[in-house]
Amino acid sequence: MSLWNLLLRKVVTFDVETSTVNKGNPYTVAGKLVTIQTKVNDEKTNVFREGTWEGSLGELADASIVVGSNLKFDLGWIKRECGCEVKSVWDIQLAEYIISRQEWKYPDLASMCLKYGIGIKPDNIKLDYWDKGIDTADIPHDVLDAYGISDVENTYKIFLKQVEYFQNEGKSLFKLFRLHCNDLLVLLDMEYNGIMYDVEASLAEVKRIEEEKKVIEEKIYAYTRGVPINLNSGDHKSVLLYGGTITLERRVPVGFYKTGAKMGQPRYSVLLDEFHFDRLIEPLKNSELAKDGYFSTDEPTLTALPARGSVKKLISLFLERSKMEKLIGTYLTGYPNVIEKNGWNPGVIHTSLNQCQAITGRLSSTKPNLQNTPKEAKKFCISRY
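The structure presented is a predicted model; accordingly, all values stated were derived computationally and were not measured.

S.K.: Explain the overall build of the chain residue by residue, including any values.
M.R.: In terms of regular secondary structure, the chain is built from 14 helices and 12 strands. Relative to a compact globule of 385 residues, whose C-alpha radius of gyration would be 21 Å, the chain shows 29 Å and is clearly more extended. Seen along its three principal axes, the alpha-carbon backbone of the chain occupies a region of about 80 × 60 × 45 Å. By residue count, 45% of the 385 residues in the chain fall in the buried class. For the chain, restricting intrachain contacts to residue pairs at least 6 apart in sequence, the fraction spanning at least 24 positions comes to 65%. A total of about 20,800 Å² of accessible surface is found on the chain, and carbon and sulfur atoms cover 53% of it.

Right, dumping it as structure tokens:
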């Protein structure tokens, strides 16, 4: 039996509808699976709800290939809710990405329908319900069923078009596509299991670094003659390095309110104080900003400045502080915040591993990006082994 005969023996086209909590993220604890839609070969599409999941799960488990669009999302849901796993997949989104030579990022079902002349994906659910804050579970069953069935039927039609392509002019791309489909199942497990992260230890590390950052800031303020510049302001850093004037507001008490809701409270007048700084170093050519008189102070620019002596020390202090700010904001507090914001199980990060993003075809990680985690944060990732 040929490879194609094996693949096409029992094609199950598959889709789910979920609650709108956190955009339907499969690993958000408060989220809910609402319906599963399956179509076996060219038979009619069936819709299953809680209590009848088994009818769809048997079909999926026995499928020679499971077809869907953005399948990791849907498979994540049935793995979480039903413990169901499948043996082989065909992601039409991934197929279009490969067919386009990695130029069409995240092909969506509506655009794929237009490409193949299948019709227009209905958007009534989004317009009439989701956009109005109505959750999926509260949509009338007949309306939701029609929407889900339409998605599955269109997905199957696109699948047939892709089969025809890979059997003919796209033969040279088929092995690459199948490799990516096999990778998809591995990536599904990686997303599902997530990365365990020691939130408590990470936040404790923040306190330690904050103390170190205060020491850095005190050293920077030694260069400002006591002027309380804003170290998070690129304008202020530009003036300190390249010269100019900083204007700061100062509130001065001028009496008390005698009437009205604020009666008895102090009144203030706002005064403007100007502080001039001489240039410490010449800015790099073409580093001017749109705001007249100001120059770039980003990391690449500061690193490239030919500084010496005390100015070199000041720049190194800025760079060290910036590194601490990023470490705290993006990682040490960033990862715990992402876990809480997404409503995931405590201490588990479920990053998104993307196959349809980079034009080179390489894997990327987002929400959050775990591929560039620095060692200072990576040490809080907990091994299960």
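S.K.: Now, about the packing of aromatic side chains: what can you tell me, with residues and values included?
M.R.: In the structure shown here, the tally under the stated rule is 17 aromatic pairs. Where Trp90 meets Phe174, the ring centres are 6.0 Å apart and the plane angle is 45 degrees; that geometry is what we call tilted. Note that Trp90 is positioned in strand S5 (residues 89-91) and Phe174 in helix H8 (residues 171-193), a separation of 84 residues in sequence. Taken individually, Trp90 and Phe174 each receive the classification buried, so the pair is uniform in this respect.

S.K.: Provide a residue-level description of the pattern of salt bridges, including the pertinent values.
M.R.: One pass over the structure, following the stated rule, counts 22 salt bridges. Residue Asp62 pairs with Lys10 through a salt bridge whose shortest N-O separation is 3.2 Å. Of the two residues, Asp62 sits in the loop between helix H2 (54-61) and strand S4 (65-68) while Lys10 sits in the loop between helix H1 (3-7) and strand S1 (11-18), which places them 52 residues apart along the sequence. Using a relative accessible area of 17% as the deciding quantity, one classes Lys10 as buried.

S.K.: An account of the sheet that holds strand S2 (residues 33-40) is requested, with residue identities and associated values reported.
M.R.: The strand order across the open sheet formed by five strands is S3-S2-S1-S4-S5, and the pairing between neighbours is mixed. Looking at the sheet topology across the chains shown, the edges are occupied by strand S3 (46-49) and S5. Across the sheet, the mean angle separating the axes of adjacent strands is 25 degrees when strand polarity is ignored. Pairing of S1 with S2, which is carried by seven bridges, proceeds in the antiparallel orientation. Bridge pairing in S2 links Phe14 to Thr38. Along the sheet, H2 contacts S1, S2, S3 and S4; its crossing angle with S2, the most-contacted strand, is approximately 50 degrees. Sheet strands touched by H8: S4 and S5. Its angle to S5, the strand with the most contacts, is close to 110 degrees.

S.K.: A description of unusual backbone geometry should follow, citing residues and the corresponding values.
M.R.: In this structure, the amide linkage connecting Lys367 to the following residue, Pro368, adopts the cis form with an omega of 0 degrees. With respect to the helices, strands and loops of the structure, Pro368 is situated in the loop between strand S11 (364-366) and helix H14 (375-378).

S.K.: So what's going on with helix H10 (residues 234-242)? Residues and values would help.
M.R.: Taking burial as the measure, the nine residues of H10 include seven buried ones, the bulk of the element. Where H10 is concerned, the buried positions are His236, Lys237, Ser238, Val239, Leu240, Leu241 and Tyr242. Taking the backbone nitrogen of Asp235 as reference, a side-chain oxygen 3.3 Å away marks Ser233 as the first, capping residue of H10. Gly243 lies just past H10 and shows a positive phi near 90 degrees.

S.K.: I'd like a description of the nonpolar core, backed by residues and values.
M.R.: By size, the foremost hydrophobic cluster in this structure holds 87 residues, and its most contacted members are Phe14, Leu75, Trp90, Phe166 and Phe177. Counting residues per element, this core draws most heavily on helix H12 (residues 309-332), at 10 residues. Residues in contact with Leu75, not counting those within four places in the same chain, are Phe14, Val86, Val89, Leu184, Leu185 and Leu188. With six residues, the next largest nonpolar core counts Val34, Ile125, Leu144 and Tyr147 among its residues.

S.K.: Summarise the pairing of S3; cite the residues concerned and give the values.
M.R.: With four bridges joining them, S2 and S3 adopt antiparallel strand pairing. The residue of S3 that forms the bridge with Thr35 is Arg49.

S.K.: Go over the sheet that holds strand S9 (residues 348-349) with me, naming the residues and quoting the values.
M.R.: Taken together, the three strands give an open sheet; going across it, the order is S9-S6-S12, and neighbouring strands pair in antiparallel fashion. If you trace the sheet from one side to the other, it starts and ends with S9 and strand S12 (381-382), each paired once. Direction of pairing for strand S6 (residues 195-197) relative to S12: antiparallel, over a ladder of two bridges. Bridge pairing in S12 links Tyr197 to Cys381.

S.K.: Just give me the short version of the packing of helix H3 (residues 71-82) against H8, but keep the residues and values in it.
M.R.: Contact geometry for H3 and H8: axes closest at 10 Å, N-to-C directions at 55 degrees. The orientation of H3 with respect to H8, classified from their angle, is oblique. The handedness of the crossing between H3 and H8 is right-handed. On H8, the residues touching Leu71, Lys72, Leu75, Gly76, Lys79 and Arg80 of H3 are Leu184, Leu185, Leu187, Leu188, Asp189, Glu191 and Tyr192.

S.K.: If you had to explain the environment of Arg279 to someone new, which residues and values would you point to?
M.R.: Topologically, Arg279 is positioned in the loop between strand S8 (266-277) and helix H11 (299-304). Considering only alpha carbons, one finds Arg279 and Arg267, 12 residues apart in sequence, at a separation of 38 Å. Residue contacts for Arg279: discarding those within four places in its chain leaves Leu241, Tyr242, Gly243 and Phe295. For Arg279, the side chain forms a polar contact with the side chain of Glu282, separated by 3.1 Å.

S.K.: Which residues make up the environment of Leu144, and what values do they have?
M.R.: Mapped onto the elements of the fold, Leu144 is located in helix H7 (residues 141-167). For Leu144, a relative accessible area of 2% puts it in the buried group. Leu144 sits 11 residues away from Gly133 along the chain, and the two C-alpha atoms are 15 Å apart. When near neighbours in sequence (up to four residues on either side) are disregarded, Leu144 contacts Glu17, Val34, Thr35, Arg49, Ile125, Thr136 and Ile139.

Quick notes on the rules
Residues numbered from 1 in each chain as written. Predicted model: local features only at pLDDT ≥ 70, side-chain atom pairs only at ≥ 80, totals over all residues. Heavy atoms only, no water. Helix = DSSP H or I, 4+ residues; strand = E, 2+ residues; numbered from the N terminus. Rg over C-alpha atoms; globule rule 2.2 N^0.38 Å. Buried < 20%, exposed > 50% of the residue type's maximum accessible area, 1.4 Å probe, protein only. Contact = heavy atoms within 4.5 Å. Areas by Shrake-Rupley, 256 points an atom, 1.4 Å probe, with all protein chains shown as cover. Phe/Tyr/Trp six-rings, centres within 6.5 Å; stacked < 30°, edge-to-face > 60°. Salt bridge = Lys/Arg side-chain N within 4 Å of Asp/Glu carboxyl O. Pairing = 2+ DSSP bridges. Axes fitted to C-alpha atoms, helices over the stretch in contact; angles between N-to-C directions. Polar contact = N/O pair within 3.5 Å; in protein donor to acceptor, adjacent residues only side chain to side chain. Core = buried A, V, L, I, M, F, W, Y, C linked by side-chain atoms within 4.5 Å. Parallel < 35°, antiparallel > 145°, perpendicular 65-115°, else oblique. Left-handed = near helix turned anticlockwise from the far one by under 90°.

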